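A look at the structure
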Amino acid sequence: MTDSITTATLQDWITRFGAAVAEKRDWLTELDSAIGDADHGANMTRGMSAVAEKLSGGAPATADELLKSVGMTLVSSVGGASGPLYGTFFLRTGMTAGAVTELDAVGLAAALRAGFEGVVARGKAEAGDKTMFDAMSPAVDALDAAIAGGGDLVEASKAAAVAAANGRDATLPLVARKGRASYLGERSAGHLDPGAASTALLFETLAAAIAES
């Protein structure tokens, strides 16, 4: 039973997320070309490459320093809305995680929820706006629910990944109410939100890192 996550596993998550973003770069760009600036894939790949370069010199030992380093790098290297939003997510997650080398399930859930709340505060999005909120909100809710129900971190993170993917898919019929996509009005319906798509990758890679730790 996996009941804690180490800084090394958090770093593995970051590495896996970067690899997933690079692998799905063209898909994310395709999604963004339909309703945005066609740069989400490129921006996220550039940001996560900068993160990998930053960590290659040696990752910080504690969760807060690791995640804050990721957040600061994304804020400084990613254009558009995704840099500040993902940057805020990792910064807030790190601040809440604290100067520890290991987080238990409740601690990880609290840190991720703080990251999510940072995204909400920064982006002012709500459920149904067709943004990354629509994947991230159900993911952190599912994580909390699984842990409250006695699930270990492997089960809880898998539940979060499934919820994020379902949230991503649920953006397909939505009419965007935030960001560049909102300019399209009704024409934004019928397309997946690229931010929700990358958020699903975020939780998918977290579950994979925990499962294989």
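Description of the structure in this document. Each chain carries its own residue numbering, running from 1 in the direction its sequence is written. Reporting of local features is limited, given that this is a predicted model, to residues whose pLDDT is at least 70; pairs of side-chain atoms are given and counted only at 80 or more, and all residues count toward the totals for whole chains, interfaces and linings. Excluded from the side-chain calculations are hydrogens and water; all other atoms, namely the structure's heavy atoms, are used.

Another aspect to go through is the packing of aromatic side chains. Two numbers describe a pair of aromatic rings. These are the distance of the centres and the angle of the planes. Think of it this way: a Phe, Tyr or Trp ring, Trp meaning its six-membered ring, pairs with another when their centres are within 6.5 Å, and the plane angle makes it stacked under 30 degrees, edge-to-face over 60, tilted otherwise. For the coordinates displayed, the defined rule picks out four aromatic pairs. Plain terms: the ring middles of F89 and F90 are 5.2 Å apart, the flat faces sit at 75° to each other, and that makes the pair edge-to-face. Exposure class is identical for F89 and F90. Each is buried. Relative to F133, the ring of F116 has its centre 5.3 Å away and its plane inclined at 55°; by these criteria the two rings are tilted. Highlighted residues: F116 in helix 6 (residues 105-123) and F133 in helix 7 (residues 133-148), separated in sequence by 17 residues. As far as burial versus exposure is concerned, F116 and F133 are alike and both buried. Accessibility here uses a 1.4 Å probe with only protein chains present; expressed as a share of the type maximum, an area under 20% marks a residue as buried, one over 50% as exposed, and anything in between as partly exposed. For helices the rule is a DSSP run of H or I covering at least 4 residues; for strands it is a run of E covering at least 2, with both sets numbered from the N terminus onward.

This brings us to the pattern of salt bridges. Any Lys or Arg side-chain nitrogen located within 4 Å of an Asp or Glu carboxyl oxygen qualifies as a salt bridge. Within the structure shown, the criterion is met by six salt bridges. The salt bridge involving D12 is made with R16; its shortest N-O contact spans 2.8 Å. Residue D12 and its partner R16 are both found in helix 1 (residues 7-23); the two are separated by four residues, about one turn of the helix. Here D141 ties to R113 by a salt bridge, and the two come within 2.7 Å at their closest N and O atoms. Of the two residues, D141 is situated in helix 7 and R113 in helix 6; the sequence distance between them amounts to 28 residues. With relative accessibility at 39%, the residue D141 sits in the partly exposed group. Overlapping salt bridges bring together D12, R16 and E212 as one network.

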